[in-house]
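# Understanding the architecture of this molecule
The lines below spell out each chain.
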Amino acid sequence: GVEPFSAEKPLEDFHLMMKRTDGTEGSGRWVRQAMQGMQDLIQTSVLNGDAKTGCTSLLTALECARALRKACVGENIHEVFNELLQNLAKQFPQPRCAQFYEHLETAGLTLIAKHEVESSDVSATEAASFLERVQQKHNPDASAADKLVAADQDDFDDME
């Protein structure tokens, strides 16, 4: 089983586990365990809120995703991060998931492409358009311009 990360300091726990080298398989086992644990934590946080992890914040999940992506690129393991985004894309109609994707897009976090990790089968173009494609698939009639106009309208409504 994967040792769970604490809700208080998941990033710290992740980095500590990534550095571990004890055990029969050395660091490889801990790297895989850390990545799997982080993937689970992010997915649970985004889909279920605080029930199991205590990690209510989508921004915490975003920081965890940023750390996981960086580690995946550093270790040349694209599957873990790409799988996470693809799994969440299937759950997209959920409001928390849609919000999380907006955070990912703002932060510029998308699929790991071939130019970052050689073994990835995702092209740079695919990676660049992934988040947009997911959002459009579930909200086909709202273009980016429509969303901006709607957001501006909301701001004016408050002024009345």
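You'll find the structure just up there.
This text gives an overview of the structure that appears in the document.

## Quick word on the nonpolar core
- One finds Phe 14, Ile 42, Leu 68, Phe 100, Tyr 101 and Leu 104 to be the most contacted residues of the largest nonpolar core, which totals 44 residues.
- At the level of secondary structure, the elements contributing two or more residues to this core comprise α1 (10-19), α2 (27-48), α3 (58-74), α4 (79-90), α5 (95-107) and α6 (124-138).
- With residues near it in sequence (within four places) discarded, Tyr 101 still touches Leu 85, Gln 86, Leu 88, Ala 89, Phe 92, Phe 130, Leu 131, Val 134 and Gln 135.

## A short note on the pattern of salt bridges
- All chains considered together, the criterion is met by 5 salt bridges.
- As a salt-bridge pair, Arg 66 and Glu 63 come within 3.4 Å of each other at their nearest N and O atoms. Pair noted here: Arg 66 and Glu 63 are both in helix α3, with a separation of 3 residues, about one helical turn.
- Residue class for Arg 66 comes out partly exposed when judged on its relative accessible area of 35%.
- A salt bridge links Glu 118 to Lys 114; the shortest N-O distance between them is 4.0 Å.
- On the accessibility criterion, Glu 118 (60% relative accessible area) is exposed.

Here is what the cut-offs are and how they apply
- Residues numbered from 1 in each chain as written.
- Predicted model: local features only at pLDDT ≥ 70, side-chain atom pairs only at ≥ 80, totals over all residues.
- Heavy atoms only, no water.
- Core = buried A, V, L, I, M, F, W, Y, C linked by side-chain atoms within 4.5 Å.
- Buried < 20%, exposed > 50% of the residue type's maximum accessible area, 1.4 Å probe, protein only.
- Helix = DSSP H or I, 4+ residues; strand = E, 2+ residues; numbered from the N terminus.
- Contact = heavy atoms within 4.5 Å.
- Salt bridge = Lys/Arg side-chain N within 4 Å of Asp/Glu carboxyl O.

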